[in-house]
Amino acid sequence: MVKAIKLVTLGSILAASAIYGASTAACASCHGKNFEKVALGKSKIVKNMSKDDIIKALKGYKSGSYGGAMKSVMKSQVANLSDKDIEDIADAIKGASSKSNSSTSAASTSTQKVIDINAKVADKARLNKEDLGNKKVVSEEMLGLRKTTLFDENVKPTESKYTDKAPGTAERYERAYVNAPPLIPHSVDGLLPITKAKNACLGCHMPAVAKSVGATPIPPTHFMSYRPKTVFKNGVEVKDGKVVGLAKGDLANTSDIELAKPKKLNKLYPGRYNCSQCHVPQANVDVPVGNTFKPDGLNGDFKAKSHLIDMMDDGVK
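Since the structure is predicted, the reported quantities are computational estimates derived from the model, not experimental observations. (Residues numbered from 1 in each chain as written. Predicted model: local features only at pLDDT ≥ 70, side-chain atom pairs only at ≥ 80, totals over all residues. Heavy atoms only, no water.)

Before we move on, can you summarise the overall build of the chain with the specific residues and values?
In terms of regular secondary structure, the chain is built from 8 helices and 5 strands. Beginning at the N terminus, the succession of helices and strands in the chain can be written as α-α-α-α-α-α-α-α-β-β-β-β-β. Looking at the chain as a whole, 32% of its 317 residues qualify as buried. For the chain, the proportion of contacts with a sequence separation of at least 24, taken over those separated by at least 6, is 68%. Accessible area of the chain: about 19300 Å², with a carbon and sulfur share of 55%. (Helix = DSSP H or I, 4+ residues; strand = E, 2+ residues; numbered from the N terminus. Buried < 20%, exposed > 50% of the residue type's maximum accessible area, 1.4 Å probe, protein only. Contact = heavy atoms within 4.5 Å. Areas by Shrake-Rupley, 256 points an atom, 1.4 Å probe, with all protein chains shown as cover.)

Shown next as structure tokens:
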């Protein structure tokens, strides 16, 4: 019975790892380089599992014989693995875990409050101090973002320290404005770059599995196409049923299309595939100047959720 429980829980243990071939590189983001972390805030520590348990679990996911809430995630991850690949992965996991004797306690799975990192940069005392309008004399060091003399060429950019916490265990920062792309709260080691053959983000963030692993689901807008349907008919270009062209067209050019007819897709829209185009790892950085920006409507659920699907037409119609 104990062994059966161990096998079933491996779904959450390897939930966010994208396994391609026999590599375990993508596992590091959730489980740590030595498999010492608690993945998604609720798994067992992989390094404490036996090689046999790992092999049986991965083979079970491949055959679809068990898996619970994580079945749909793990089945796709191991679908192309051979028995040799699975054994190599188990060897790699046990080899890596043997290098570390550190232990990790289980993290809380309760809903975490999002953190407002802008509070300190919008402090009234700081803004008043930095306001050049109330200064009788403005020195060279006060100008610009350098905060140093223009003759100083040893200016270094502000250092950004990104989190090394596994998915499900890191604190989240609230969005900068309503419907802003959420920041990535966890480590991205092994998850980037995203390629045509590998997008590890989809393993946890697809709507069908996101709730079960406590991840933010990909929003409905990412499963829509907002581009006009384009065809060439009788030698002319037709977009959403309207002919494009100065001579006899309904539209002078493509830019005359104010809003294309949205089309719901049964898969992720290709233009949204490269997640890191908009989503970046979060870092609490000490900014050189204060921030007076105050986003309208950023309250309640909007601090951590999106309703962009309901606002795509704003300012267009």
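Residue-level account of the side chain of glutamine 282, with values.
Among the secondary structure elements, glutamine 282 is positioned in the segment after strand E5 (263-264). Within polar-contact distance, the side chain of glutamine 282 engages the backbone oxygen of glutamate 171 at 2.7 Å. Every residue in contact with glutamine 282, bar those within four places of it in the chain, is listed here: Tyr162, Thr163, Glu171, Arg172, Tyr173, Leu183, Ile184 and Pro185. (Polar contact = N/O pair within 3.5 Å; in protein donor to acceptor, adjacent residues only side chain to side chain.)

Before we move on, could you go through the confidence of the model for the chain and cite the residues and values that matter?
Detailed reading of the predicted model is not advised wherever pLDDT is low. Confidence in the prediction for the chain averages 77 pLDDT; 78% of positions are at 70 or higher. No element of the chain has a lower mean pLDDT than helix H1 (residues 2-13), at 41, and none a higher one than strand E1 (residues 224-225), at 93. Within the model, pLDDT remains below 50 along residues 101-111, and this stretch shows 16 contacts once partners closer than five positions in the same chain are excluded. (pLDDT = per-residue confidence, 0-100.)

Describe the nonpolar core, with residues and values.
Counting 14 residues, the largest nonpolar core has Ile54, Leu58, Val78 and Ile93 as the members making the most contacts within it. If you list the elements that add at least two residues to this core, you get helix H3 (51-63), helix H4 (71-78) and helix H5 (83-97). (Core = buried A, V, L, I, M, F, W, Y, C linked by side-chain atoms within 4.5 Å.)

Can you break down the pattern of salt bridges residue by residue, with the values?
Taken as a whole and judged by the stated rule, the model has 7 salt bridges. Residues glutamate 87 and lysine 51 are paired through a salt bridge, measuring 3.6 Å at the closest nitrogen-oxygen approach. Placement of the pair is glutamate 87 in helix H5 and lysine 51 in helix H3, with a sequence separation of 36 residues. Taking the relative accessible area as the measure of exposure, lysine 51 reaches 28% and is therefore partly exposed. When the shortest N-O distance is used, the salt bridge between lysine 84 and aspartate 88 registers 3.0 Å. (Salt bridge = Lys/Arg side-chain N within 4 Å of Asp/Glu carboxyl O.)

Break down the sheet that holds strand E3 (residues 236-239) for me, with residues and values.
Strand order in the open sheet formed by 3 strands is E2-E3-E4, and the pairing between neighbours is antiparallel. Sheet topology places strand E2 (230-233) and strand E4 (242-244) at the edges, where each strand pairs with a single neighbour. In this sheet, adjacent strand axes meet at a mean angle of 40° when their direction is disregarded. As paired elements, E2 and E3 share 4 bridges and run antiparallel to each other. When the bridges of E3 are listed, threonine 230 appears paired with lysine 239. (Pairing = 2+ DSSP bridges. Axes fitted to C-alpha atoms, helices over the stretch in contact; angles between N-to-C directions.)

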